[in-house]
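Here are the chains, one letter per residue:
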Amino acid sequence: MTQPMKYERAIVIGGGITGMLAAKVLSSFYLEVLIIEKDELSDAPENRLGTPQAFHPHRMLPLG
Ligand SMILES: Cc1cc2nc3c(=O)[nH]c(=O)nc-3n(C[C@H](O)[C@H](O)[C@H](O)COP(=O)(O)OP(=O)(O)OC[C@H]3O[C@@H](n4cnc5c(N)ncnc54)[C@H](O)[C@@H]3O)c2cc1C
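Residues numbered from 1 in each chain as written. Predicted model: local features only at pLDDT ≥ 70, side-chain atom pairs only at ≥ 80, totals over all residues. Heavy atoms only, no water.

Moving on: the side chain of aspartate 39. You can see aspartate 39 is positioned in the segment after strand S2 (30-36). According to the relative accessible area criterion, aspartate 39 is buried, its value standing at 15%. Among the polar contacts listed, one links the side chain of aspartate 39 to the side chain of arginine 48, at a separation of 3.0 Å. One polar contact links the side chain of aspartate 39 to the main-chain amide nitrogen of glycine 50, over a distance of 2.7 Å. Apart from the residues within four sequence positions on either side, aspartate 39 is in contact with Arg48, Leu49, Gly50 and Thr51. (Helix = DSSP H or I, 4+ residues; strand = E, 2+ residues; numbered from the N terminus. Buried < 20%, exposed > 50% of the residue type's maximum accessible area, 1.4 Å probe, protein only. Polar contact = N/O pair within 3.5 Å; in protein donor to acceptor, adjacent residues only side chain to side chain. Contact = heavy atoms within 4.5 Å.)

One pass over the structure, following the stated rule, counts one aromatic pair. Taking the centre distance of 5.5 Å and the plane angle of 40° together, the rings of tyrosine 7 and tyrosine 30 count as tilted. Placement of the pair is tyrosine 7 in strand S1 (residues 7-13) and tyrosine 30 in strand S2, with a sequence separation of 23 residues. Taking the relative accessible area as the measure of exposure, tyrosine 30 reaches 24% and is therefore partly exposed. (Phe/Tyr/Trp six-rings, centres within 6.5 Å; stacked < 30°, edge-to-face > 60°.)

Turning our eyes to something else, we now look at the site of the ligand. Neighbouring residues of the ligand: 14 residues in total, closest Ile17, Thr18, Glu37, Arg48 and Gln53. At 2.9 Å, a side-chain N or O of arginine 48 approaches an oxygen atom of the ligand. Between the ligand and the protein, one listed contact pairs a nitrogen atom with a side-chain N or O atom of histidine 56 at 3.4 Å. Considered class by class, the residues forming the shell around the ligand number three nonpolar, seven polar and four charged. (Near = heavy atom within 4 Å. Nonpolar A, V, L, I, M, F, W, Y, C, P; charged D, E, K, R; others polar.)

Counted under the stated rule, the structure contains three salt bridges. A salt bridge links glutamate 32 to arginine 9; its shortest N-O distance comes to 2.8 Å. Linking glutamate 32 in strand S2 with arginine 9 in strand S1, this pair joins segments that are 23 residues apart in sequence. Here glutamate 37 and arginine 48 are joined by a salt bridge, their closest N and O atoms 3.4 Å apart. Here arginine 48 lies in the segment after S2 and glutamate 37 lies in the segment after S2, a separation of 11 residues in the sequence. If you follow the salt bridges from partner to partner, you end up with Glu37, Asp39 and Arg48 in one network. (Salt bridge = Lys/Arg side-chain N within 4 Å of Asp/Glu carboxyl O.)

Now the structure itself:
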């Protein structure tokens, strides 16, 4: 079976869960997928400016 032709490049703005999922799907159709994210991402999970909703002051404390 022949492989479908791939387009050159797709650009996704925002590297949240939606952006990463979109990039994953697009990678089947594009040779290169570029994610443009305004925050610097760390290797470990963390709260960051681009996702202010990530910090939940109401969440249960570890010793709660
Ligand atoms: C107050 C609040 C509480 C929530 N609580 C929950 C919960 O308990 N459980 C749950 O499952 N969901 C919760 N949600 C919903 C969840 O946070 C969202 O559905 C989810 O984060 C959406 O993901 P997203 O990738 O679309 O957007 P986001 O996670 O907001 O990601 C957007 C990304 O785009 C980047 N970005 C923005 N502008 C630019 C730009 N100009 N250039 C480059 N990059 C840019 C940001 O830095 C960020 O990384 C909550 C939402 C809110 C607002």
